[in-house]
Amino acid sequence: MAGLEVTGLGHAFGPQPIVEDLSFSLPAGSLGCLIGPSGCGKTTVLSMIGGLIAPGSGRIDHAFRHPVFVFQDPCLLPWRDARDNVAFGLKATDMDRKTRRSRAERLMEAVGLAPEDHGKFPHELSGGMRQRVALARALAVEPDLLLLDEPFSALDVGLRRQMQSLLRRLIAERDLTALLVTHDLAEAVRLADHILVLSPSPGRLAASHTLAEPFAARDDGFVHCMVNRLLADPATAQALAMET
Amino acid sequence: MEEGRGRALRALDYMWGGWGAASSLLLLTALWEAGHAAYGTLVLPSPRDTVASLWDMSAAGKVLPAILETSRNALGGFLSATVAGGILGGMAGASDMMRRLLQPIATLLLGIPAIAWVVLALLWFGGTGAAVSFTVLITTAPIVFAGAAQGARTLDGSLRRMARSFRVPATTLIRDVYLPHMLSYLFPALATGLALSWKVTVMAELLSGAGGIGDGLAVARVQVDTVKAMAWVLAVVGLLLAVEYLMLEPIRRHLQVWRREMPGSGDIQAGGF
Amino acid sequence: MTLWAYGFRPFFLILPVGAIAAVLPLPVLWLGLGGSGGGMPAGLWHGHEQVFGFLSAALAGFLLTALPSWTNTRPVTGTPLKALVALWLAGRLGFWLDGALPSWLVAGLDAMFLPALLATTLPALLGAERKPWELPAALALLAGANAAFHLGRLGLIDLPPERLLYAGLDLFLMMIAIASGRILPVTLRSALTETGAAVMVRLAPGRRHLASVTLGLLAIAELIQPHGPVTGWIALAAACAQADRMTEMHIGRSMLRPQVLLFHLAHAWMVVGLGGVGLAVLGAPLDVTAMRHALGLGAAAFTVLAVMSIVTLRHTGRAFPLPGATWVAPALVGLAAALRVGVPHLAPQAMATWGVTVPAVLWAAAFLFWGWRFARWLTAPRADGQPG
């Protein structure tokens, strides 16, 4: 089996069901976007797939060995400089300090951090640079599955576009599978191969769409048209209605 | 090597920073001298007489043993307070039950004046160093406790989640995530506690006659020798300043490198002439 | 005419004359070639001419140039500037004829210059948006000190005139401490640029303020009780506050550029002088007059030469890097200061020759050289053709 297969997934906090009977599949090497109104359990689904919490019911099957998270808040250690933050995840391996740091250097270059920023502490970096550090930290452990929880929603529009292109490029270069949670349909349309729409709480799959256009062809016009087309689908529009 | 040079330069910079502090202390000395001129030696001996007296007492071999005795009493109490306060505070921060159990006790202990503890300790232990160290322990432990509890309670949940998502080992979790955070709360508490422990020690020694600087002060009082009393005060102050600037401040700086200001920000002055 | 186009030009041009005149009688007296012809002790005369003659002219040149550029106001030029120079010259003439002229006339001739300087700079300053009020305030104090000097000398107030010299010198040092807050950012930045280092200048205003405040306190203390222990401690505090400021000039290799090193050395002199005065007053076996020379000859004159050179070059359109000639005059003055401070302690018997005459000659040589080298720029139009 290649890719991710979620069957009848459910989870509840106390008596309150968060996710119910959610099923979808995501082929390896593609980018899926999980979209839905706030409170529909997107983050919970991501945590279950990444193994941070156990599924309440149903099953998650995949052959990925290294799932890794990128959160909305970059979650950098404030007392470590950018280099050591990127190398942090590698401490779970038996790599020595020198190797960890040189790997960190390479990844910081890959995500476009200038050498003079490598020794800076998080509070000395801008929001966009911090998110780049977080991305580099995630990639440093050589993951095969990227789980991204609204990683760009705290950034301004220009920065978000840069980071989106960077993400697509890295996914293509490194042959990754990625699942990105967002509440922004335009972002999903710009990035995703598969869009999975969750209904309001408790979350279940309301609709799913597949987009075949290459990333490079997705300009503003395309995004605008496609968003309108998706919203013409009653199930999608209803699920996202709370958002607008 | 580059790093070593940078460190040496920073150390030199730090020592050079001592001039600013010296300037402030010398201005205080000027005020002291003016007070001496106004009120006479019996009330306020002159700075130079005081230093001379301290010098004479040191030459007579009285000062160094007293300082060592006082330091031993103070550090003994302080170290036990650090261990006890740190462990209990960490527990109180991590567990709600422990917080409910321990917080009121810590508040109560903080409210009891140190002088009351001195009296009780004298009754329990007699006029010995143990009485002094016990007083220090019981007065500084609540402060350390509060710092440790605060540090443990405010551990950032999202950082913990991030660390877990990378499946790093527990030692890394403690060393890279928990400890640096704890220290930023614990260290100020420790610094306050250490400074307090010296003052409490001198007071307890003065009342118990257990030797040390406090004992010297007691003798000076009996002899109505203001110069000697001031000389002992000078010795305590010197000790405190040494601990603060040679020990605490360098550690503080080392711990807070990550809070350094943005290069280029801060007060850039418009120049021109 | 170019000479009267900006305040620094005439004042810096006649400054060497004033500087040399202020030391001229000393070797004559010390070598026993002639007696004091004047009405006041030679030391008092010399001190007044250095502080309220030489340093005041330097201050006038600096303020008349710097204040307009800080406040973006019109500089004093033409006739008012000529009048200021004439007033300054009248004061010097009065002091040279002291003894021949009645004391009240000498006082009247001399006491007009500083108030006039204040009066010419003040109107433009009041209209400016950003008012660097601390310098005019210090200037007013200085004018007051000079007036009090004369009143004390005439016996109208009960204040020994030499105390006003001490306080006046302290006020000058305070003005240097204040003004360097404006000067150092420029010089440090240019030095960093010249050596290709990252340009990052961070000065703590708190350091500067502490340095200025301690010097102000010292001025007051020296007025009340110049040889009391309180004064001694304040002098030591001031020395430490100046030493604290030196850390801002520790910028690696760039520190060796003249525009930084000269200020660094001047600060070192200030630390030595203030520390020496403090220790001497507190009873250490040091010659307090020699230590005051570390302040006047070392710190103040050193700074004056550095600032004069930089201002002359900048305001005639020839900015950094400074020419090698900038070094010569400070080097000579530094040597003079070292002798004047060192000889009384190390070889008091050689005082007349090595402690007074040789330093005086070095001092004169320094200012002759400076005048010879810089006069051409002071009298010629700006290199870039702009007015001023």
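Predicted model only: the values in this text are computed from it and were never measured. The numbers attached to residues start from 1 for each chain and follow its sequence in the written order. Naming scheme: in the order in which they are written, chains are lettered from A and ligands are numbered from 1. Per-residue local features are limited, in this predicted model, to residues with pLDDT of at least 70; the limit for side-chain atom pairs, both in listing and counting, is 80 or more; totals at the level of whole chains, interfaces and linings are taken over all residues. Computation of side-chain values: all heavy atoms of the structure, hydrogens and water removed.

By definition in these notes, contact holds between two residues if any of their heavy atoms fall within 4.5 Å. Across the 2 pairs of chains that are in contact, the largest number of contacts falls between chains B and C. Between chain A and chain C there is no contact, and the shortest C-alpha to C-alpha distance separating them is 12 Å.

The next point concerns the sheet that holds strand 1 (residues 4-13) of chain A. Where strands meet in a sheet, backbone hydrogen bonds hold them as pairs that are either parallel or antiparallel. All names here are of chain A. When DSSP finds two or more bridges between a pair of strands, those strands are recorded as paired. Strands are runs of DSSP state E lasting at least 2 residues, helices are runs of H or I lasting at least 4, and numbering of each runs from the N terminus. Pairing is antiparallel in the open sheet, where 3 strands are placed in the order 2-1-4. At either margin of the open sheet sits one strand with a lone partner, and together these are strand 2 (16-26) and strand 4 (57-62). Neighbour-to-neighbour, the strand axes of this sheet turn through a mean angle of 20°, independent of strand direction. Relative to the sheet, helix 1 (residues 42-50) contacts strand 1, strand 2 and strand 4, its axis offset from that of strand 1 by approximately 120°. In this analysis, axes come from line fits to C-alpha atoms, helices being fitted only over the stretch in contact, and the angle between any two N-to-C directions falls in the range 0 to 180 degrees.

Attention now moves to the pattern of salt bridges. By definition, a salt bridge exists where a carboxyl oxygen of Asp or Glu is found within 4 Å of a side-chain nitrogen of Lys or Arg. Inspection of every chain in the model, using the stated rule, returns 28 salt bridges over all chains. Here A:R168 ties to A:D193 by a salt bridge, and the two come within 3.5 Å at their closest N and O atoms. In this pair, A:R168 sits in helix 5 (residues 157-174) while A:D193 sits in the loop between helix 6 (185-191) and strand 8 (194-198), placing the two residues 25 residues apart along the sequence. Residue class for A:D193 comes out buried when judged on its relative accessible area of 17%. A:E173 serves as the salt-bridge partner of A:R169, at 3.2 Å between the closest nitrogen and oxygen. Here A:R169 pairs with A:E173, and both are found in helix 5, just 4 residues apart, close to one helical turn. Via salt bridges that share partners, A:R80, A:K91, B:R175 and B:D176 belong to a single interconnected network. Classification of residues uses two cut-offs on accessible area relative to the type maximum, computed with a 1.4 Å probe and protein chains only: under 20% is buried, over 50% is exposed, and between them is partly exposed.

Next up on the list: the packing of aromatic side chains. Side-chain rings of Phe, Tyr and Trp, where Trp is taken by its six-membered ring, are said to pair if the distance between their centres is within 6.5 Å; with planes under 30 degrees apart they count as stacked, over 60 as edge-to-face, and otherwise as tilted. Scanning the entire structure with this criterion turns up 16 aromatic pairs over all chains. The interplanar angle of 65° and the centroid separation of 5.7 Å between the aromatic rings of B:W124 and B:F134 together place this pair among those described as edge-to-face. Placement of B:W124 in helix 6 (residues 114-125) and of B:F134 in helix 7 (residues 129-153) is noted, with a sequence separation of 10 residues between them. Where C:W370 meets C:F374, the ring centres are 4.5 Å apart and the plane angle is 5°; that geometry is what we call stacked. On the criterion of helical spacing, the pair formed by C:W370 and C:F374 is a turn pair, its members being 4 residues apart in helix 14 (residues 351-379). Looking at C:F374, the relative accessible area reads 0%, which means it is buried. Grouping aromatic residues by their ring pairs yields a cluster made of C:Y6, C:F8, C:F12, C:W370, C:F374 and C:W377.

The partner chain C presents 38 residues to the 25 residues of chain B that form the contact. If you look at where chain B meets chain C, you find 0 salt bridges. For the purposes of these results, a polar contact is taken to be a pair of N or O atoms within 3.5 Å, where, inside protein, one atom must be able to donate a hydrogen and its partner to accept one; residues adjacent in sequence count only when each atom of the pair is a side-chain atom. Counting the contacts that link chain B with chain C gives 3 residue pairs in polar contact (both at pLDDT 80 or more). At 10 residues, the largest contribution of residues to the side of chain B that touches chain C is made by helix 2 (residues 18-39) of chain B. Polar here means any residue outside two lists: the nonpolar Ala, Val, Leu, Ile, Met, Phe, Trp, Tyr, Cys and Pro, and the charged Asp, Glu, Lys and Arg; Gly therefore counts as polar. Considering only residue class, the side of chain B that touches chain C consists of 11 nonpolar, 9 polar and 5 charged.

One face of the sheet, then the other: side chains in a regular strand alternate in exactly this way. All names here are of chain A. Of all 5 residues in strand 6 (residues 145-149), 5 are buried; the element is thus mostly enclosed. Of the two faces of strand 6, the one carrying L145, L147 and D149 and the one carrying L146 and L148 are both buried. Both strand 5 (residues 67-70) and strand 6 contribute to a ladder of 4 bridges, which runs parallel. When the sheet's bridge partners are listed, F69 is paired in strand 6 with L147. As paired strands, strand 6 and strand 7 (residues 177-182) are joined by 5 bridges and run parallel to one another. Bridging from a neighbouring strand, L146 pairs with A178 of strand 7. Once you follow strand 6 into helix 5 and on to strand 7, the crossover reads as right-handed. Looking down the strands as they point away from you, a crossover is right-handed if its path from the first strand over the helix to the second goes clockwise.

Turning to the confidence of the model for chain B, a few remarks are in order. All names here are of chain B. Here chain B averages 86 in pLDDT, and 93% of its residues register 70 or above. Of all secondary-structure elements in chain B, the lowest mean pLDDT belongs to helix 1 (residues 2-16), at 72, while helix 3 (residues 47-59) reaches the highest, 94. Scored from 0 to 100, pLDDT reflects the predictor's confidence in each residue. Considering only residues more than four positions removed or in separate chains, one finds that residues 262-271, a stretch of pLDDT under 50, has 22 contacts.

This brings us to unusual backbone geometry. All names here are of chain A. Backbone geometry places C75, a non-glycine residue, at a positive phi of 55°. With respect to the helices and strands, the residue C75 is situated in the loop between strand 5 and helix 2 (82-87). Of the residues examined, C75 reaches a relative accessible area of 2% and is grouped as buried.

A few words on helix 12 (residues 288-315) of chain C. Residue and element names in this part refer to chain C. Over its 28 residues, helix 12 extends 38 Å from the first C-alpha to the last, a length consistent with the 40 Å expected when each residue adds 1.5 Å. Within helix 12, the axis deviates most sharply at A301, by approximately 25°. Across the 28 residues that make up helix 12, a large majority, 25, are buried. A side-chain oxygen of the first residue of helix 12 lies 3.0 Å from the backbone nitrogen of T289; this N-cap is D287. Working rule for helices: expected span equals 1.5 Å times residues minus one. Axes are fitted to the seven residues ending at a residue and to the seven starting at it; the angle between these axes is taken as the bend at that residue.

Residue and element names in this part refer to chain A. Across the sheet, which stays open at both edges, the 6 strands sit in the order 5-6-7-3-8-9 with mixed pairing between neighbours. Because the sheet does not close on itself, it has two edges, and the strands there are strand 5 and strand 9 (205-210). This sheet shows a mean twist of 15° between the axes of neighbouring strands, independent of strand direction. The pairing of strand 8 with strand 9 spans 5 bridges and is classified as antiparallel. Across the sheet, residue H194 finds its bridge partner in strand 9, namely T210.

A general feature of soluble globular proteins is that nonpolar side chains tend to end up buried together. One finds C:F11, C:F54, C:F62, C:V333, C:W363 and C:F367 to be the most contacted residues of the largest nonpolar core, which totals 136 residues. Element by element, the count of residues in this core is highest for helix 8 (residues 161-194) of chain C, at 18 residues. Residue types Ala, Val, Leu, Ile, Met, Phe, Trp, Tyr and Cys, when buried and joined through side-chain atoms within 4.5 Å, form a set referred to as a nonpolar core. Counting residues in each nonpolar core, the second largest holds 91 residues, with A:V45, A:L107, A:F152 and A:L185 among its members.

The next thing to look at is the side chain of C:E248. All names here are of chain C. By secondary structure assignment, the location of E248 is in the loop between helix 10 (229-246) and helix 11 (258-281). A relative accessible area of 8% means that E248 is categorised as buried. Residues contacting E248, with those up to four places away along its chain left out, are L188, L203, A204 and R207.

Moving on, we get to the interface of chain B and chain A. Contacts between the two partners involve 24 residues from chain B, matched on the other side by 25 residues from chain A. Both faces combined, the contact of chain B with chain A buries some 2,300 Å², and carbon together with sulfur accounts for 65% of it. Joining chain B to chain A, the criterion identifies 2 salt bridges. When the shortest N-O distance is used, the salt bridge between A:K91 and B:D176 registers 2.3 Å. Of all the secondary-structure elements, those providing two or more residues to the side of chain B that touches chain A are helix 8 (157-165) and helix 9 (170-208) of chain B. Ranked by the residues each element gives to the side of chain B that touches chain A, the list is headed by helix 8 of chain B, at 7 residues. Take the accessible area each of two parts loses on contact, using a 1.4 Å probe, and add the two losses: that sum is the buried area.

Quick look at the pairing of strand 7 of chain A now. Residue and element names in this part refer to chain A. Within strand 7, 6 of the 6 residues are buried, leaving the element largely enclosed by the surrounding structure. Here strand 7 shows a buried face lined by T177, L179 and V181 and a second buried face lined by A178, L180 and T182. Pairing between strand 3 (residues 31-35) and strand 7: 5 bridges, direction parallel. Bridge pairing links G32 to L179 in strand 7.

So, on to the packing of helix 10 (residues 213-222) of chain B against helix 11 (residues 226-255) of chain B. Residue and element names in this part refer to chain B. Two elements in contact, helix 10 and helix 11, have axes whose closest approach is 8 Å; the angle formed by their N-to-C orientations is 160°. Considering their axes alone, helix 10 and helix 11 lie roughly antiparallel with respect to each other. In the crossing of helix 10 with helix 11, the sense of the turn from one axis to the other is left-handed. In this structure, helix 10 uses I213, G216, L217 and A220 to contact helix 11, whose residues at the interface are K228, A229, W232, V233, V236 and L239. Each angle gets one of four labels, with under 35 degrees taken as roughly parallel, over 145 as roughly antiparallel, 65 to 115 as roughly perpendicular, and the rest as oblique. Rotating anticlockwise by less than a right angle from the far helix to the near helix defines a left-handed crossing, while the corresponding clockwise rotation defines a right-handed one.

Moving on: a nonpolar patch on the surface. All names here are of chain B. There is a patch of nonpolar side chains on the surface, built from L25, V233, V237, L241, Y245 and L246 and spanning about 500 Å² of accessible area. The element that contributes the greatest number of residues to the nonpolar patch is helix 11, accounting for 5 residues. Assignment of secondary structure puts L241 in helix 11. Patch members must show over 30% relative accessible area and no salt bridge, and they are joined within 9 Å when carrying like charges or within 5 Å when they are nonpolar side chains of Val, Leu, Ile, Met, Phe, Trp or Tyr. In this description, accessible areas are obtained by the Shrake-Rupley approach with a 1.4 Å probe, and a residue is regarded as covered only by the protein chains that are shown.

Turning our eyes to something else, we now look at the side chain of C:S309. Residues and elements named next belong to chain C. As for its placement among the helices and strands, S309 is situated in helix 12. Among the residues examined, S309 registers a relative accessible area of 1% and is labelled buried. Within the local environment of S309, its side chain forms a polar contact with the side chain of W370, the two groups lying 3.0 Å apart. The residues touching S309, leaving out its near neighbours within four places in the chain, are T326, W370 and F374.

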